Amino acid sequence: MNKECWVMTDVLVVGGGSAGTMAALEARKDGLEVALVDKGGIYRSGCGAAGNDHFLAVLESGPDWDTPEVFLKWYKRLTQGLVDIKIAEKVYIQRIKRLVEELEEMGIPMKDPGKEDYIRTRSFAQPGDYFINFDGRALKPMISKKAEQAGVKFFSQIAMVDLLVTEGKVVGAVGFHIRTGDFYVFQAKAVIIATGNATRMYENPSGLPFNTWHSPYNTGTAQAMTLRAGGEVKNLEFVNYTITPKNFSASALNAVVGMGGHLVNAKGERYVFKYHENGEQGPRWAMPWGTYVEEQEGRGPCYFDLRHLSESAKKHLIEHLLPVDKNTFMDYCEQKGIDPGADLMEIQISEGQHPAFLGSVSGIFVDEMCRTTVPGLYAGGACAVGIGSLAGSMCFGQSAGAEAAKYALQKPEILDPLPEQIVEIKQEIYAPYQRIGDYTYNDVENKLRQIMSDYLSISRSEEGLKAGLQELNKLQEIFEQIRADNGHDLMRINELSDLLLISKGIAVGALARTETRFGLSHYRRDFPETQDDWNKSTHLTYRDGEFRISYVPAYS
Amino acid sequence: MLPIKIDYKRCNGCGICERNCPGDLIFMDQATKMPVVKYPEECWLCGACRIDCPKECIQIVFPLISL
């Protein structure tokens, strides 16, 4: 029989990645008890695992572009009014300068050693050089250490499954230890969810499902928990595709275009210019869109071309950027036999996913105080909509920590969870141990990916979307037959459960939105134009197994 | 498929690779006290296991279909 562990705290943070760790650190500043829970080891948890190379920052250093006004104006145009800019202003703009200082105080090298200035680059049609190029290999470990030193209580290797809701308020959350199988109940005055991106629901072009752009171990748990707790998520129909090296979904595009690299087709043409006047300096969506059309029309394969760059630019890219953002980048090049400075590097369109790239409009609906629509529940980072990118997520998390702490300080006592709710969730968690079904989580997850890629991927139609939704509902029934042999299996099964819910949300949103928007992200063959009367967000709630959709007009 | 190759002659059994792995792929064997890659097909190819290894005994070997 599994042990049952109860933990009482003031602020519970679910998700120990970059955003969650910042949330925990911030919430702790007022002396509250803070618990940080992650299914990994926390030290290098989340997408920040082995490092990052770009840090988005508006520093107000002098030039006109380096101001909140210019940045926010651009960001509003980028997100087409589907993101509330008030959030970006409060959680990001008001915090970023101080965050960069804090990281430098912690010893993170934001500047090259001996240099006075930051190295800053721009990409994706940004009006300014917002990306500080830095060595972020020690970033996640450093903030993890700071959180631990500050007295945040770490709970690693615990997969959180659901929120506890009493009288419409979030009072805690439950999960299990992925090695021992022990059951965990956390009670808290405020809960912050920060479990990051959602991926693994679309087929991977390499055939390896875990070879993903952002962490494959993030499967939309916060988004799914929010839906199950009565909260709201938005714009799930937009699925992000990016450009990565062939067969290896590594981050590289930002670094490549930021340093002036080119994208060329099999004929050597810089094809992005056909799809946007600024070519590789155009907005992010233009590159996967252009690559898609080129490949469809027989002018692929397509490539990164770095051969024309100066020696110093090549050196910076190949030594300080690519292997810092993706630790195994040079292993890939060496083992594939490519010299990126001298050879063309074949590229691909990545798997579909919900990452928090800068421009993302999908995820948990929160206000500028990081509050979800469920009292006591806060969200920040990639799982919520407000501001993307690593720096954005860290500020978002820090904000959520500050707001949740303020809320917790006001609340005199912790509401009790409902015993029957705990019993029900506990039964569901451990049910797979008892099943004698035919299916493993791999079987069912492979099927999910097939459904999503066949019916809910690039080039959608009403009939295809309806067929896809039907298949997803069928898959839900098979879900009850998946067996587990250990805590690792249970963790993957719960990830699959969250992915399935998110996937249904994608289908519902995609069916509703009868237009095309954001390039490949939501491309309806039957409604191929972007329409003004669709300048609005889809908002989903979930109750008794049904989705409900509402609309929020674009923010002006 | 074995993307994470550990040189057991150099490994000191510190367990940092197990702690760092975001995917729960690496398990310290109770008997041998050595790290075992239990779920190699779930590897993200991120390098977190290797980055802090004090003995530099981890190699990342890309599976053929990821090259």
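Keep in mind that this is a model prediction, so the values were computed, not measured.

Student: What is the right way to look at the overall build of chain B in this model?
Tutor: A tally of regular secondary structure across chain B gives 2 helices and 4 strands. Taken from the N to the C terminus, the helices and strands of chain B come in the order β-α-β-β-α-β. In terms of overall dimensions, chain B is globule-like: its C-alpha atoms have a radius of gyration of 11 Å, near the 11 Å expected for 67 residues. Overall, chain B is about 35 × 20 × 20 Å in size when its C-alpha atoms are taken along their principal axes. A buried classification covers 42% of the 67 residues belonging to chain B.

Student: I'm lost on the packing of helix 12 (residues 441-455) of chain A against helix 13 (residues 462-479) of chain A in this one. Help?
Tutor: Packed helices, taken two at a time, are described by the angle their axes make and the gap between the axes. Residue and element names in this part refer to chain A. Packing of helix 12 against helix 13 leaves a shortest axis separation of 9 Å and a crossing angle of 170 degrees. Between helix 12 and helix 13, the crossing angle belongs to the class labelled roughly antiparallel. Of the residues in helix 13, those in contact with Val444, Lys447, Leu448, Ile451 and Tyr455 of helix 12 are Gly464, Leu465, Ala467, Gly468, Glu471, Leu472, Leu475, Ile478 and Phe479. Partitioning the contact of helix 12 with helix 13 into residue classes produces 10 nonpolar, 2 polar and 2 charged.

Student: Can you walk me through the sheet that holds strand 5 (residues 120-121) of chain A in this structure?
Tutor: Within a sheet, adjacent strands bond to each other through the backbone by hydrogen bonds, running parallel or antiparallel. All names here are of chain A. With respect to topology, 3 strands assemble into an open sheet ordered 4-6-5, the strand pairing being antiparallel. The two strands at the open ends of the sheet, each matched to only one other strand, are strand 4 (54-56) and strand 5. Bridge count for strand 5 against strand 6 (residues 131-133) is 2 bridges, and the pairing is antiparallel. Residue arginine 120 lies in a different strand from strand 6, and its bridge partner there is isoleucine 132.

Student: Please explain the pairing of strand 11 (residues 190-193) of chain A as it appears in this structure.
Tutor: Regular strands show a simple pattern: their side chains alternate between the two faces of the sheet. All names here are of chain A. Side chains of strand 11 alternate between two faces, with Ala190 and Ile192 and Val191 and Ile193 buried alike. With 3 bridges connecting them, strand 11 and strand 18 (residues 377-379) associate as parallel partners. The residue of strand 18 that forms the bridge with isoleucine 193 is alanine 379.

Student: Which parts of the structure should I look at to understand the nonpolar core?
Tutor: When a protein is soluble and globular, its nonpolar side chains tend to lie buried together. Residues and elements named next belong to chain A. Ranked by internal contacts, the top residues of the largest apolar core, which has 191 residues, are Val11, Val13, Val191, Ile192, Ala194 and Ala379. The element contributing the most residues to this core is helix 14 (residues 487-512), with 13 residues. Among the domains, domain 1 (1-241 + 350-549) and domain 2 (247-348) are the pair contributing at least three residues each to this core. Filtering out sequence-adjacent residues up to four positions away, valine 191 remains in contact with Leu12, Val14, Leu163, Val170, Gly172, Ala173, Gly376, Leu377 and Tyr378.

Student: Quick question: what am I supposed to make of the environment of aspartate 129 of chain A here?
Tutor: All names here are of chain A. Looking at where aspartate 129 falls in the secondary structure, it is placed in the loop between strand 5 and strand 6. Classification of aspartate 129 as buried rests on a count of 20 C-beta atoms within 10 Å. The sequence separation of aspartate 129 and tryptophan 65 amounts to 64 residues, and the corresponding C-alpha distance is 8.1 Å.

Student: How should I be thinking about the sheet that holds strand 2 (residues 11-14) of chain A in this particular structure?
Tutor: All names here are of chain A. Reading across the sheet, the 5 strands line up as 7-3-2-11-18 and stay open at both edges, with parallel pairing between neighbours. If you trace the sheet from one side to the other, it starts and ends with strand 7 (153-155) and strand 18, each paired once. Here the strands of the sheet are splayed against their neighbours by 20 degrees on average, with no regard to which way each runs. Note: strand 3 (residues 34-37) against strand 7, 3 bridges, orientation parallel. Bridge pairing in strand 7 links valine 37 to phenylalanine 155. The sheet contacts of helix 1 (residues 18-28) involve strand 2, strand 3 and strand 11, and relative to strand 3 the element is tilted by about 170 degrees. On the sheet, helix 10 (residues 389-410) packs against strand 2, strand 11 and strand 18 and is oriented at approximately 165 degrees with respect to strand 11.

Student: Help me understand the domain arrangement of chain A in this model?
Tutor: The figure often quoted for interface size is the accessible area lost as the parts come together. Residue and element names in this part refer to chain A. Split into domains, chain A comes out as domain 1 (1-241 + 350-549) and domain 2 (247-348). On a C-alpha basis, the centres of domain 1 and domain 2 stand 28 Å from each other. Each partner contributes residues to the interface: domain 1 has 32 residues there, and domain 2 has 24 residues. A per-class count over the side of domain 1 that touches domain 2 returns 12 nonpolar, 15 polar and 5 charged.

Student: Could you clarify how one ought to interpret the pairing of strand 20 (residues 546-553) of chain A in this entry?
Tutor: Along strand 20 of chain A, only 0 of the 8 residues are buried, which leaves the element largely exposed. The turn joining strand 19 (residues 536-543) of chain A and strand 20 of chain A, which pair antiparallel and follow one another in sequence, is formed by 2 residues; a positive phi near 50 degrees is taken by aspartate 544 of chain A.

Student: How do you make sense of helix 10 of chain A when you look at a structure like this?
Tutor: The α-helix winds at 3.6 residues per turn, so residues separated by three or four positions along the chain end up facing the same way. The first and last C-alpha atoms of helix 10 of chain A sit 32 Å apart over 22 residues, in line with the 32 Å expected at 1.5 Å per residue. Summarising burial for helix 10 of chain A: 18 of the 22 residues are buried, a large majority.

Student: Any chance you could explain helix 12 of chain A here in plain terms?
Tutor: All names here are of chain A. The end-to-end C-alpha separation of helix 12 is 21 Å, in line with the 21 Å expected for 15 residues at 1.5 Å each. Within helix 12 the residues assigned to the buried category are Tyr441, Val444, Glu445, Leu448, Arg449, Ile451, Met452 and Tyr455. For helix 12, the angular spread of the buried residues around the axis is 165 degrees, confining them to a single face. Of the surrounding elements, those touching the buried residues of helix 12 are helix 13 and helix 14.

Student: Please clarify how the packing of helix 1 of chain A against helix 4 (residues 139-149) of chain A should be interpreted in this entry.
Tutor: All names here are of chain A. Their axes nearest at 9 Å, the elements helix 1 and helix 4 cross at an angle of 25 degrees. By the angle class used here, helix 1 and helix 4 are roughly parallel. Along this stretch, helix 1 crosses helix 4, giving a crossing that reads as left-handed. Along the contact surface, helix 1 presents Ser18, Thr21, Met22, Ala24 and Leu25, while helix 4 presents Lys140, Ile143, Ser144, Lys146 and Ala147. Residue composition of the contact of helix 1 with helix 4, by class: 5 nonpolar, 3 polar and 2 charged.

Student: Teacher, can you tell me more about unusual backbone geometry here?
Tutor: Of all residues except glycine, most have a negative phi; of all peptide bonds, most are trans. Residues and elements named next belong to chain A. Cis geometry marks the peptide bond from glycine 300 to proline 301, where omega comes out at 0 degrees. At serine 459, a position not held by glycine, the phi torsion is positive, near 70 degrees. For serine 459, the location among the structural elements is in the loop between helix 12 and helix 13. Phi is positive for aspartate 544, close to 50 degrees, though the residue is something other than glycine. Summarising the element assignment, aspartate 544 is placed in the loop between strand 19 and strand 20.

The rules behind the values
Residues numbered from 1 in each chain as written. Chains lettered and ligands numbered in written order. Predicted model: local features only at pLDDT ≥ 70, side-chain atom pairs only at ≥ 80, totals over all residues. Helix = DSSP H or I, 4+ residues; strand = E, 2+ residues; numbered from the N terminus. Rg over C-alpha atoms; globule rule 2.2 N^0.38 Å. Buried ≥ 20, exposed ≤ 12 C-beta atoms within 10 Å, placed from the backbone. Axes fitted to C-alpha atoms, helices over the stretch in contact; angles between N-to-C directions. Parallel < 35°, antiparallel > 145°, perpendicular 65-115°, else oblique. Contact = placed C-beta atoms within 7 Å. Nonpolar A, V, L, I, M, F, W, Y, C, P; charged D, E, K, R; others polar. Pairing = 2+ DSSP bridges. Core = buried A, V, L, I, M, F, W, Y, C linked by C-beta atoms within 7 Å. Domains from an automatic or database assignment. Expected span 1.5 Å × (residues − 1). Arc of directions from axis to C-beta. Left-handed = near helix turned anticlockwise from the far one by under 90°.

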